[in-house]
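# Structure assessment
The lines below spell out each chain.
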Amino acid sequence: MKVLVPVKRVIDYNVKVRVKPDQTGVDLANVKMSMNPFDEISVEEAVRLKEAGVATEIVVVSIGPQQAQETIRTALAMGADRGILIKTDAMVEPLAVAKLLAKVVGEESPDLVILGKQAIDDDSNQTGQMLAALLDWPQGTFAYKIEKDGGALKVVREVDGGLQTVKLTLPAIVTVDLRLNEPRYASLPNIMKAKKKEIAEKSPEAYGVDISPRLTVVKVTEPATRSAGVKVEDVAALVAKLKTAGAV
Amino acid sequence: MAVLVIAEHDNANLSDATAKVVTAAAKFGSDVDVLVAGEGAGAVAAAAAQIAGVRKVVHADGASLKKQSAEAMEALVVPMMAGYDAVFIAATTTGKNIAPRIAAKLDVMQLSEIVEVIDPSTFVRPIYAGNAIMTVKSSDAKKVITVRGTAFPAAAGGGAASVETAAAPAGPFKSEFVSDEMVKSDRPELTAAKRIVSGGRALGSSDKFKEVIIPLADKLGAAVGASRAAVDAGYAPNDYQVGQTGKIVAPELYVAVGISGAIQHLAGMKDSKIIVAINKDEEAPIFQVADYGLVADLFVAVPELTKSL
């Protein structure tokens, strides 16, 4: 089974984001960038499938600037086999990402595409589902557990109120949630080995996909701040405050 | 402008989220129809018809719609969109699963988790887990939108819309429902709760979590939440998680017990009306957003609070 794993380079999840004073966006200059945390879980799951003898090859693809190559290298160091960088400095919206990925799927013919459920920058939570629609493949979103079952894939999904199990006919799309696994740290020998792995470079134009945005950012602002209230001395004082505020 | 709202339900009860989405949809256009897709969901359709401001309810019923799978919903909704300028759906796991599939088929860039409708092409949505707020304009002819429920009040009841039926799409689909494993609870659902008591890593164990948090939640009639740290440590199930990677909540009262207040947790609860923090570390960031902070040992203070309410 061949597995395709798309990864996105985003602002590191530990960095406190700052809105630019001119309200055009978030300041990304000199900020630490990393692989989207949900994508790390996707890569880890693919590597585990390979270690279990279920997956035969793992191809990682990223759409972004030259530096996205580092994100691909991280995935290669975790155990993916080769990479594809679709190089562009433009902001690519989920719909265009899904269209590019559909082209990659056409070339690579994977049996399974594993994606993070969302990227922690734009929080869209769209790409996997859009890719599934464009390919007319079934989808198992917010995966908590995945298991190959003959020619099908059983996916246990995190849904509001609990878990739901669905059975997908392969080829299929899976998007991963937090509890699926705990991603490994790449070992030094594997980081060295990853440097020799192949990364092919492509462009959106070469795939014939129009990536011009459909959305225009009017402005990006800071959220309304919440000021600290008061410290209370003890439980009795807290109860009194809550009663006055009508909260209890 | 005509807008289709996809109802959230479990075939028996209409979720409160739907009336909130109707409020958002009414800001987009005056003709709001509600689609109830399910199996044996007649009561849900009747309930949807009572939401004020709804023009009509479209009720599609059949086995293929029992679980509102994304594959079946795509087959049902995409052809219907010829008659609508937009489709609105709650940003729940169901809505998030379905909407992008419809958007891709319509060749439209979806707007996720909007919190405000400025005009029929301009919307406000949080990005970076709510650490930045983006106003965005869509150039697409049709809009596909998921709505953050906490940002809109529920539309009133008392309506009497007509109900018309539509055919359910014929299967089979390449995705098949196997089973559900729902957490059974008499408590209010986190995203709909008026009061929430959340526990953090300071609870120290799953037993302590139950022993300290649950009685207070019971006393307040509150839903129970947890920080990601508490979930990762196994003290509480993932379904309890409040924050960037869990649920976004905005209750009247949020009590944070033993939660330090990592950015990722604050992102999920800072729109709560009143925030109470109980933590023994007086430097904990949670106190910067709390209306009432109590620096105390939670194992003493929380049982005392439970008793005094």
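Each helix and strand in chain A was counted, giving 6 helices and 13 strands. Principal axes of the C-alpha set define a box for chain A whose edges measure 65 × 45 × 40 Å. A separation of at least 24 residues holds for 70% of the contacts in chain A among residues at least 6 apart in sequence.

Looking now at helix α3 (residues 94-108) of chain A. For α3 of chain A, built from 15 residues, the straight-helix expectation of 21 Å at 1.5 Å per residue is met to within 8% by its first-to-last C-alpha distance of 20 Å. The set of residues buried in α3 of chain A consists of P94, L95, A96, V97, A98, K99, L100, L101, A102 and V104 of chain A. Summarising the contacts, the buried residues of α3 of chain A are in contact with β1 (2-7), β4 (57-64), β5 (82-87) and α4 (127-135) of chain A together with α4 (93-106) of chain B. Just beyond α3 of chain A, the residue with positive phi is S109 of chain A, at close to 45 degrees.

Between helix α6 (residues 235-244) of chain A and helix α8 (residues 298-308) of chain B, the least distance of the axes is 10 Å, while the angle of their chain directions is 45 degrees. With respect to each other, α6 of chain A and α8 of chain B are oriented oblique. With respect to the hand of their crossing, α6 of chain A and α8 of chain B are arranged in right-handed fashion. Contacts between α6 of chain A and α8 of chain B involve V235, A236, L238 and V239 of chain A on the former and, on the latter, A301, E304, L305 and S308 of chain B.

The omega angle of the peptide bond from L170 of chain A to P171 of chain A is 0 degrees, so this bond is cis rather than trans. Relative to the elements of secondary structure, P171 of chain A occurs in the loop between β9 (162-169) and β10 (172-176). In this model, G171 of chain B is joined to P172 of chain B through a cis peptide bond whose omega is -5 degrees. Mapped onto the elements, P172 of chain B comes out in the loop between β10 (162-167) and β11 (175-182). Despite not being glycine, D123 of chain A shows a phi value in the positive range, around 50 degrees. A positive phi angle, close to 60 degrees, is found at D136 of chain A, a residue other than glycine. Note on placement: D136 of chain A falls in the loop between α4 and β7 (139-149). For D136 of chain A, a count of 10 C-beta atoms within 10 Å translates into the label exposed.

Here we come to the environment of A19 of chain B. Residues and elements named next belong to chain B. By the element assignment, A19 lies in helix α1 (residues 16-28). Residue classification places A19 among the buried positions, given that 26 C-beta atoms sit within 10 Å. Along the chain, A19 and P303 lie 284 residues apart, while their C-alpha atoms are 37 Å from each other. Once residues lying within four places of it in the same chain are set aside, the contact partners of A19 are I51, A154 and A155.

The rules behind these values
Residues numbered from 1 in each chain as written. Chains lettered and ligands numbered in written order. Predicted model: local features only at pLDDT ≥ 70, side-chain atom pairs only at ≥ 80, totals over all residues. Helix = DSSP H or I, 4+ residues; strand = E, 2+ residues; numbered from the N terminus. Contact = placed C-beta atoms within 7 Å. Expected span 1.5 Å × (residues − 1). Buried ≥ 20, exposed ≤ 12 C-beta atoms within 10 Å, placed from the backbone. Axes fitted to C-alpha atoms, helices over the stretch in contact; angles between N-to-C directions. Parallel < 35°, antiparallel > 145°, perpendicular 65-115°, else oblique. Left-handed = near helix turned anticlockwise from the far one by under 90°.

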